[in-house]
Amino acid sequence: MTTTLTESRRPQKTTHGERQGKSRPARRRNWAGGLAGWLWLVVVAVPLYWALITSLKVQSRYYASNPLVPSGDPTLDNYRLVIESDFLRYFVNSVVVTAGAVIPAVVFSFMAAYAIVRGWRMRALRAMNGLFLMGLAIPLQATVIPVYLIIIKLHLYDSLLALILPSIAFAIPLSVLVLTNFIRDVPKELFDSMRVDGATEWTTLWRLAAPLTRPAILTVTIFNALTIWNGFLLPLVLTQSPERRTLPLALWTFQGQYGVNVPAVLAAVVLTTLPVLVLYAFGRRQLLSGLTAGFSR
Amino acid sequence: MSALTGHPPRREPRSILPWLATPALVVFVGFAVIPLVGVFALSFTTWDGIGAIHPSGLTSWRAVLTNPGLPHALWVTFLVMVVSWAVQTPLSILLGTFLAGRQRYRAVLGVVYFVPLMLSSAAIAIAYKALLDPNFGLGAGLRIHALSQDWLGRPGLAFGVVVFVVSWQFIPFHSLIYQGGVQQIPKSLYEAAQLDGAGRIRQFFSITLPQLKYTVITSSTLMVVGSLTFFDLIFVLTEGGPGDATRVLALDMYKRGFQANLMGPASAIAVILVLVGLALALLLRRLGGRDAGASQLEGV
């Protein structure tokens, strides 16, 4: 896990020299990579920059001005328009759905991953692991019609719980996979000594495995939160009334309503994106290092 | 459930381990496995999404399989998958190798690279729709004729835009995977190569690429299976149009099911989607050449 940090701001004496050796570019220039790197920066940054500055333009100015030059007199009117159109409600809905799904998804996945690693001798647990892995190979969106039927039968249609339950299920395969990978790394002796001390599995789970795999738990949490926060299909299919909209769906309907007012639409895009970007600013290192470690095994 | 409790583990009497796994299993079975079986069952019924469900034998399948829309949707899905894979993989490998370097400016670039990963497909699609507008978008505003095409109004161009936007969104993720892969390559390999006088390009092709084999499999599996789920982006960006130029299977399923209220045929398409996903995953796993005893998709 520690070798995957992209930045070397943190002093890591032991791996530092090693990484210097690994990353040969330290000595000679990597022209191909460098060129691709800067070009890609332009490709990524220009649309983001354009969306941001356009969202600050008056609508009439939008048609006339150079699209890449920021407005001389930026306005927040577009943002006001978006916020007045129930943005807060959608935001709260998104928070409720995301938190309501991510917390159980991660806790359940962690318990399952622990059971799978510790109980690998039990055929049933191995079979279950296989079942979860199957979920990785199957586009779970394909199950949305029966999910819709089940939600109707449970009388949950058009509720936030309707979004939460399938979101948990969809998050489980990847979470279990990443977490089992990390729990396997916990030295067996630690488990054994816990047992000698008379600890139950339940205690071992929370006192030993959880703290030791905290980076993985955090990574899985952030990753699932992102996926669910940005989810579009489930809200589209499982809810109906405007009061139940989550941000991505609200964004889409807003675009339908205000399509001509491009700066306002882009202000909505920026606003729905802002909370995630703020979190990214704080959790960046954890997310990136965790993802590299989680996926590159 | 009985399968879990019916096999008492030998050395751990009354182990609570199966119980720990139960909550995840219950939710997963309830909202993934049962729906998976259910979608097969529903493909042999007629249902408008609201009223009663009637068994109807092979009617839905016949409707889907004789509809010329299906081969087209399959073709578009395949094309999106292959072209976006071919665009994303080399770029992701290059960027991943680049990011694995230690210099600070690379880390700073990396911070910006991953922003698209944070955005919802809906937000990305909406922004690109405005950006590519032939009359008021970026190209028109800058008066660059080549950029002010009717990007989403012409079939070939719209397809290209879909591939571009998909790559824009997902290359960061895959370059991250490759970055991790590159960082795990033993440095001794490069030292040896350097002693043998191998240059950077030689090192890249003789060491980095072969060592990334499993990473390529991992990333490709995620890319290929993931491309079957491109729904929201295409739905918001083109709605499958112009005409049906970008109507991929997932979109076809949604439109038939939730817009045309033909849940039976839509379920049949979902079944095809599941089968394609499974076939691809198995194929890629075979390509990976890892032993079957290890967990599936071990490379992930």
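Residues numbered from 1 in each chain as written. Chains lettered and ligands numbered in written order. Predicted model: local features only at pLDDT ≥ 70, side-chain atom pairs only at ≥ 80, totals over all residues. Heavy atoms only, no water.

Quick look at the overall build of chain A
Next up, step 1: In terms of regular secondary structure, chain A is built from 13 helices and 0 strands.
Next up, step 2: For chain A, the α and β elements follow one another from N to C terminus as α-α-α-α-α-α-α-α-α-α-α-α-α.
Next up, step 3: For chain A, buried positions account for 57% of its 297 residues.
Next up, step 4: Put simply, of all contacts in chain A between residues at least 6 apart along the chain, 70% involve residues at least 24 apart.
Next up, step 5: Carbon and sulfur atoms make up 64% of the accessible area of chain A, which amounts to about 12900 Å² in all. (Helix = DSSP H or I, 4+ residues; strand = E, 2+ residues; numbered from the N terminus. Buried < 20%, exposed > 50% of the residue type's maximum accessible area, 1.4 Å probe, protein only. Contact = heavy atoms within 4.5 Å. Areas by Shrake-Rupley, 256 points an atom, 1.4 Å probe, with all protein chains shown as cover.)

Points about the overall build of chain B
Next up, step 1: Each helix and strand in chain B was counted, giving 15 helices and 2 strands.
Next up, step 2: With respect to the three principal axes, the spread of C-alpha positions in chain B is 75 × 70 × 30 Å.
Next up, step 3: Here chain B, with 300 residues, has 55% of them falling under the buried criterion.
Next up, step 4: Taking as baseline every contact in chain B between residues at least 6 positions apart, the subset at least 24 positions apart corresponds to 64%.
Next up, step 5: Roughly 12700 Å² of accessible area belongs to chain B as shown, and the carbon and sulfur atoms make up 66% of that amount.
Next up, step 6: Across chain B, the centroid of the 20 positively charged side chains sits 7 Å from that of the 12 negatively charged ones. (Lys, Arg positive; Asp, Glu negative; His and termini not counted. Charge placed at Lys NZ, Arg CZ, Asp CG, Glu CD.)

Some points on the interface of chain B and chain A
Next up, step 1: Taken together, the contacts link 117 residues of chain B with 116 residues of chain A.
Next up, step 2: Across the chain B/chain A interface, buried area totals approximately 10200 Å², and carbon plus sulfur atoms make up 75% of it.
Next up, step 3: By the criterion of area lost to chain A, the three top residues of chain B are F31, R102 and R200 of chain B, representing 9% of everything that side buries.
Next up, step 4: At the boundary of chain B and chain A, one finds 0 salt bridges. (Buried area = accessible area lost by both parts, 1.4 Å probe. Salt bridge = Lys/Arg side-chain N within 4 Å of Asp/Glu carboxyl O.)

Quick notes on the pattern of salt bridges
Once the charged atoms of two side chains with opposite charge are near each other, the side chains can pair.
Next up, step 1: This structure, assessed with the given rule, holds 7 salt bridges over all chains.
Next up, step 2: Here D192 of chain A makes a salt bridge to K188 of chain A, at a shortest N to O gap of 4.0 Å. Of this pair, D192 of chain A and K188 of chain A are both found in helix α8 (residues 188-196), 4 residues apart, which corresponds to roughly one turn of the helix.
Next up, step 3: Take K188 of chain A: its relative accessible area is 53%, and that puts it in the exposed class.
Next up, step 4: Here R247 of chain B ties to D252 of chain B by a salt bridge, and the two come within 2.6 Å at their closest N and O atoms.
Next up, step 5: On the accessibility criterion, R247 of chain B (24% relative accessible area) is partly exposed.
Next up, step 6: D252 of chain B sits in the buried class, given a relative accessible area of 2%.

Quick look at the environment of P146 of chain A
Next up, step 1: Tracing the backbone shows P146 of chain A in helix α6 (residues 144-153).
Next up, step 2: Sequence separation between P146 of chain A and Y114 of chain A is 32 residues, and the spatial gap between their C-alpha atoms is 30 Å.
Next up, step 3: Once you skip the residues sitting within four places of it in the chain, P146 of chain A turns out to touch P35, G38, V39 and L42 of chain B.

Examining the nonpolar core
Next up, step 1: F132, I145 and L238 of chain A together with Y113 and F231 of chain B are the most contacted members of the largest nonpolar core, which has 170 residues in total.
Next up, step 2: Here the element with the most residues in this core is helix α4 (residues 77-118) of chain A; it accounts for 17 residues.
Next up, step 3: F231 of chain B has contacts with F232, L233 and L236 of chain A together with A250, L251 and Y254 of chain B, leaving out every residue within four places of it along the chain.
Next up, step 4: Grouped together as the second largest cluster of nonpolar side chains are 6 residues, I93, Y178, F204 and L212 of chain B included. (Core = buried A, V, L, I, M, F, W, Y, C linked by side-chain atoms within 4.5 Å.)

Focus on helix α7 (residues 160-183) of chain A
All names here are of chain A.
Next up, step 1: Counted at 1.5 Å a residue, the expected span for α7 with its 24 residues is 34 Å, and the 33 Å between its end C-alpha atoms agrees.
Next up, step 2: Bending of α7 peaks at approximately 40 degrees at the position of I172, with proline P173 no more than four residues after it.
Next up, step 3: Within α7, 21 of the 24 residues are buried, which leaves the element mostly enclosed by the surrounding structure. (Expected span 1.5 Å × (residues − 1). Bend = angle between axes of the 7 residues up to and from the residue.)

Some thoughts on the packing of aromatic side chains
Each aromatic ring pair is characterised by the separation of its centres together with the angle its planes make.
Next up, step 1: Per the counting criterion, the structure on display carries 26 aromatic pairs over all chains.
Next up, step 2: Linked through ring pairs, Y148, Y157, F232 and W252 of chain A together with W47, F231, F235, Y254 and F258 of chain B together constitute an aromatic cluster.
Next up, step 3: The residue whose ring lies beneath R118 of chain A is F191 of chain A, and the NZ or CZ to ring-centre distance is 4.3 Å. (Phe/Tyr/Trp six-rings, centres within 6.5 Å; stacked < 30°, edge-to-face > 60°. Lys NZ or Arg CZ within 6 Å of the ring centre and 35° of its normal.)

Some words on the confidence of the model for chain A
Next up, step 1: Confidence in the prediction of chain A, expressed as mean pLDDT, is 85, and 88% of residues score 70 or more.
Next up, step 2: Counting contacts from residues 1-27 of chain A, a segment whose pLDDT is below 50, to residues more than four positions away or on other chains yields 55 contacts. (pLDDT = per-residue confidence, 0-100.)

Examining helix α2 (residues 31-55) of chain A
Next up, step 1: Between its terminal C-alpha atoms α2 of chain A stretches 36 Å, which fits the 36 Å expected from 25 residues at 1.5 Å a residue.
Next up, step 2: When the local axis directions of α2 of chain A are compared, the greatest deviation, roughly 30 degrees, occurs at A45 of chain A, which is followed within four positions by the proline P47 of chain A.

A word on unusual backbone geometry
Residue and element names in this part refer to chain B.
Next up, step 1: The residue after G241, namely P242, is reached through a cis peptide bond having omega -5 degrees.
Next up, step 2: Looking at the element boundaries, P242 is found in the loop between α13 (232-237) and α14 (249-259).
Next up, step 3: Positioned with a positive phi, E239 is a non-glycine residue whose angle comes to about 55 degrees.
Next up, step 4: With respect to the element layout, E239 can be found in the loop between α13 and α14.
Next up, step 5: Backbone geometry places N261, a non-glycine residue, at a positive phi of 60 degrees.
Next up, step 6: In this structure, N261 sits in the loop between α14 and α15 (263-288).
Next up, step 7: The partly exposed category is assigned to N261, whose relative accessible area is 37%.

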